[in-house]
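# Chain and residue survey
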Amino acid sequence: LHLPQGLYMVGVITLFFFVIIITGVIVQLKKIIKNFFLYRKDQTTRSQMNDMHNIVGVISLPYALMYALSGVILNLLILVQIPSVLVLYKGDLDGVTRDAGFYSHRSIASGESLAMPDLKSFVDNLARQNNTEITRLNIYAYGDKNAVFQVDGLYNTGFNESFTRYYQVSTDSYPSEMNLSENNAFARGLVILYSMHFANYAGTDMRLIYFVLAIAFCGMIVAGNVLWVVKRQRKNEYPKTLAFTRGATLGGCIGVITATAFSFFLERTLPEALNEREHLIEYAFGVVLLLITIAGFFAHKIRPFIGYNLITSGILLSVTVAFEWLVFGQTMIAMFNNGYPMLGYVSFALGLSAILL
């Protein structure tokens, strides 16, 4: 959400997430071994939730460990960078990035025009020569003598090996000072972490597996919180902590659904020319989530609270789908016919979610 120091906030949360996973395994180790994949479908609801909590935890443990650890490294990399810059490089940040295999280009237009090559032919030739799949093209100072093309992609061989080239138009070359060596353990390791964290190393099937595991892990967390709350309610222990956990679980989990539906609605309906449009959507998501979480602390009847939020989310998604087909329907059909079906798929997913909610 582009919050101040949001990267490090997420890193700290991910660190707690990683610690919880490790401590959870230690605490539940005997039960995990004894009751491996045990699910008592004929027992009480509490027993079923407890079994679901354990089973999902076992199934998703490798994924959860990978996700948490890679998140900690990616978001709290500053913990490694600061000592390196201060001690080894004596404050030379550019030296660190250079030795780590990273280059950040800055182009200043000279004011002198220069003819540009055909972009499609350029990209196709580069992809064919290097056996890569080009995924991104950044252009600096287009039409100027100082124009530089940055091409990013993936090699078609190996495990998600990244490909980056900086092309200087005026010299028709790839200057060595821009194109650093690819045989850099740090840079390649970081790319692998990114790929594993965001499932960029495979196709849609792997992303679906990531999605299912993520949803299952969220369900495990909710089930664990509910079990903890129910157990403490019976013993009447820790009333303040109990109220906080109950409200945060109820409002936070349901609030994410409603806030996401509201954000989709705003994303489709707000005009493109609106100033700070993307930030407005982000703030709206945060405000709705906060309000519903606060409401969760005061909700005495849980089922109506959940029901009203789900119905509201379904209505918002239904209106969103109806609006985009009324306004952008012809454009979406044209894009689908020309080989760009993603908008149609997203619209179908939103409609299906509205029906399920």
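Residues numbered from 1 in each chain as written. Predicted model: local features only at pLDDT ≥ 70, side-chain atom pairs only at ≥ 80, totals over all residues. Heavy atoms only, no water.

## A look at the pattern of salt bridges
Under the criterion given, the structure shown has six salt bridges. Residue Glu-112 pairs with Lys-145 through a salt bridge whose shortest N-O separation is 3.9 Å. With a gap of 33 residues between them, Glu-112 in the loop between α6 (93–99) and α7 (119–130) and Lys-145 in the loop between β1 (132–140) and β2 (148–155) connect regions that are remote in the sequence. Judged by relative accessible area, Lys-145 falls into the partly exposed class, the value being 38%. For Asp-124, the salt bridge is made with Lys-120, and the minimal N-O distance between the two is 3.0 Å. Taken together, the positions of Asp-124 and Lys-120, both in helix α7 and four residues apart, correspond to about one turn of that helix. (Salt bridge = Lys/Arg side-chain N within 4 Å of Asp/Glu carboxyl O. Helix = DSSP H or I, 4+ residues; strand = E, 2+ residues; numbered from the N terminus. Buried < 20%, exposed > 50% of the residue type's maximum accessible area, 1.4 Å probe, protein only.)

## Let's talk about the nonpolar core
Of all hydrophobic cores here, the largest spans eleven residues; its members are Met-116, Phe-122, Val-123, Leu-126, Ala-147, Phe-149, Val-151, Tyr-155, Phe-163, Tyr-167 and Val-169. Secondary structure elements with two or more residues in this core: α7, β2 and β3 (162–168). Apart from the residues within four sequence positions on either side, Leu-126 is in contact with Thr-132, Val-151, Phe-163, Arg-165 and Tyr-174. (Core = buried A, V, L, I, M, F, W, Y, C linked by side-chain atoms within 4.5 Å. Contact = heavy atoms within 4.5 Å.)

## Quick word on α7
Taking 1.5 Å as the rise per residue, α7 with twelve residues should run 16 Å; its terminal C-alpha atoms sit 17 Å apart, in good agreement. Among all positions of α7, only Phe-122, Val-123, Leu-126 and Ala-127 are buried. For α7, the angular spread of the buried residues around the axis is 125 degrees, confining them to a single face. Summarising the geometry of α7, the exposed residues directed more than 90 degrees from the buried face are Lys-120, Arg-128 and Gln-129. If you follow the buried residues of α7, they end up packed against β1, β2 and β3. Taken from the residues just after α7, Asn-131 is the one with a positive phi, measuring 55 degrees. (Expected span 1.5 Å × (residues − 1). Arc of directions from axis to C-beta.)

## A look at the packing of aromatic side chains
Considering all chains together, one arrives at eight aromatic pairs under this definition. Each ring, one from Tyr-63 and one from Tyr-210, has its centre 5.4 Å from the other, and the planes form 85 degrees; the classification is edge-to-face. Of the two residues, Tyr-63 sits in helix α4 (residues 61–75) while Tyr-210 sits in helix α9 (residues 204–235), which places them 147 residues apart along the sequence. The same class applies to Tyr-63 as to Tyr-210, namely buried. With centroids separated by 5.4 Å and ring planes inclined at 70 degrees, the aromatic side chains of Phe-122 and Phe-149 adopt a geometry described as edge-to-face. Of the two residues, Phe-122 sits in helix α7 while Phe-149 sits in strand β2, which places them 27 residues apart along the sequence. Accessibility expressed as a relative area gives 0% for Phe-149, which makes it buried. (Phe/Tyr/Trp six-rings, centres within 6.5 Å; stacked < 30°, edge-to-face > 60°.)

## Section: the sheet that holds β2
Spatial strand order, β1-β2-β3: three strands in an open sheet with antiparallel pairing. This sheet does not close on itself; its edge strands, each paired only once, are β1 and β3. Across this sheet, the average inter-strand angle for adjacent strands is 20 degrees, counted without regard to direction. Bridging between β2 and β3 involves seven bridges; their strand directions are antiparallel. Counted as the bridge partner of Asp-152 is Thr-164 from β3. This element, α7, spans β1, β2 and β3 of the sheet and lies at about 140 degrees to β1. (Pairing = 2+ DSSP bridges. Axes fitted to C-alpha atoms, helices over the stretch in contact; angles between N-to-C directions.)

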